[in-house]
Amino acid sequence: MARRILIAGNWKMNKTSREGAALVGEILAGLPSGNLPEIVVCPPYLTIPAVVDAARGSAVEVGAENVHWAESGAFTGEVSTAMLLDAGVTHVLVGHSERRQYFGETDETVNSRVKAALAAGLVVIACVGETLAEREAGETAAVIDRQVRKALEGVESTEKVVIAYEPVWAIGTGKTATPDMAQEVHAQIRAILRDLYGDAADGVRILYGGSMKPANAPELLAKPDIDGGLIGGASLKAPDFLALVKAGAEA
Ligand code: PGA
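What counts, and where the lines are drawn
- Residue indices begin from 1 for each chain and proceed along its sequence in written order.
- Only residues with pLDDT of at least 70 get local features here, since the model is predicted, and only at 80 or more are side-chain atom pairs given and counted; chain-wide, interface and lining totals rely on the full set of residues.
- Just so you know, side-chain values use all the structure's heavy atoms and leave hydrogens and water out.
- The rule is simple: put a 1 Å grid over the protein atoms alone, call a set of points where a 1.4 Å probe fits but cannot get out a cavity, call an open set with protein on both sides within 12 Å along at least five of seven lines a pocket, and count a residue as lining if it has an atom within 4 Å of a point.
- Grid points are joined across faces, edges and corners, and a volume is the space filled by probe spheres set on the points.
- Helix and strand assignments come from DSSP, with helices taken as H or I runs of at least 4 residues and strands as E runs of at least 2, each series counted from the N terminus.
- Residue type decides the class: Asp, Glu, Lys and Arg count as charged, Ala, Val, Leu, Ile, Met, Phe, Trp, Tyr, Cys and Pro as nonpolar, and the leftover types, Gly among them, as polar.
- Residues are labelled near a given molecule or strand when at least one of their non-hydrogen atoms is within 4 Å of it.
- Any pair of nitrogen or oxygen atoms within 3.5 Å is treated as a polar contact; in protein, a donor-acceptor pairing is required on top of that, and neighbouring residues in sequence qualify only through side-chain atoms on both sides.
- Here, Shrake-Rupley sampling with a 1.4 Å probe gives the accessible areas, and only protein chains in the shown set may cover a residue.
- Criterion for pocket placement: a molecule counts as inside a cavity or pocket if more than half of its atoms are within 2 Å of its grid points.
- Any Phe, Tyr or Trp ring, taking Trp's six-membered ring, that has another such ring centre within 6.5 Å forms a pair; planes under 30 degrees apart are called stacked, those over 60 apart edge-to-face, and the others tilted.
- Partly exposed residues are those whose accessible area sits between 20% and 50% of the maximum for their type, while under 20% is buried and over 50% is exposed, using a 1.4 Å probe and protein chains only.

Engineer: Mind showing me how you'd approach empty space enclosed by the protein here?
Structural biologist: In this approach the atoms are scanned with a rolling probe the size of a water molecule, which exposes any empty space left behind. Taken as a whole and judged by the stated rule, the model has one cavity of 30 Å³ or more. Estimated volume of the largest cavity: approximately 50 Å³. For the largest cavity, the full set of lining residues is Gly95, His96, Ser97, Arg100, Cys127, Val128, Gly129, Glu166 and Val168. Where the lining of the largest cavity is concerned, the elements lending two or more residues are helix H4 (97-102) and strand E5 (123-128). Its residues assigned to classes, the lining of the largest cavity comprises three nonpolar, four polar and two charged.

Below you can see the structure in the form of structure tokens.
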């Protein structure tokens, strides 16, 4: 089953509205002609309207970096699926390791967010990945198995599900998993999806994230189960992000 490559930028807590809109403008001005991968940028909540405006009618779609599971109510500081849809958001990251590490995100809350976002019709990019200590203790496979199964508990269709494998030790550190190391985990994730969803597993995109940049993207994207990238640092500069889009187009 052919899977369309997805190149997603995770802007994290970077760029004001004006800066974000300018970055999208630069990306649009530099997009190659011809076949493109699916392209998504995920800016901070407050700047989403400006980024959606800048991307309107283009090949660039806009995602959020998180979402709450309740429809509305007393959840100070949170944002609902309806608010995201209303703002023109089509995709959402869930369970990024920074949410898990710094903001108390658990496998249970990840699962609640995934289910709410899918029910609202958003494409969910569910993030999983082991820490350095877990990898060194030989626990990578067990951690990935638990995170993937729990994130998808109660999810019946994978139509709008994307998984991002992001080894925590590779995020923002300049250390990338080698293509073989990444492929090994991606193949494991594919096998879990096959166990859960049968042949539909072949249609699910599995992104790699963690210091992906123009220099290492072609080799990573050449692997059979690496279907795109979730990119932090290199998504903040138009030339780098465009080079990653190009790598996605050529993969
Ligand atoms: P990085 O971040 O590309 O800066 O390592 C990736 C991510 O956290 O999604």
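Structure's up, so let's keep going.
Engineer: I keep staring at the site of the ligand and nothing clicks. Help me out?
Structural biologist: Around the ligand, the structure places 13 residues, and the nearest of them are Lys12, His96, Glu166, Gly172 and Ser211. Take Asn10: an N or O atom from its side chain is 3.4 Å from an oxygen atom of the ligand. Between His96 and the ligand, the recorded distance is 2.7 Å, taken from a side-chain N or O atom to an oxygen atom. Contact with the protein chains removes 95% of the 280 Å² of surface that the ligand exposes when unbound. Taken atom by atom, the bulk of the ligand overlaps the second largest pocket. Classifying every residue of the shell around the ligand by side-chain character gives four nonpolar, seven polar and two charged.

Engineer: In this structure, what is going on with the packing of aromatic side chains? I would like to understand it.
Structural biologist: When we look at a pair of aromatic rings, we describe it by the centre distance and by the angle of the planes. Scanning all chains against the criterion turns up two aromatic pairs. With 6.3 Å between their ring centres and 85° between their planes, Tyr102 and Phe103 make a pair best called edge-to-face. Each member of the pair, Tyr102 together with Phe103, is exposed.

The values reported here are purely geometric and, on their own, carry no functional implication.
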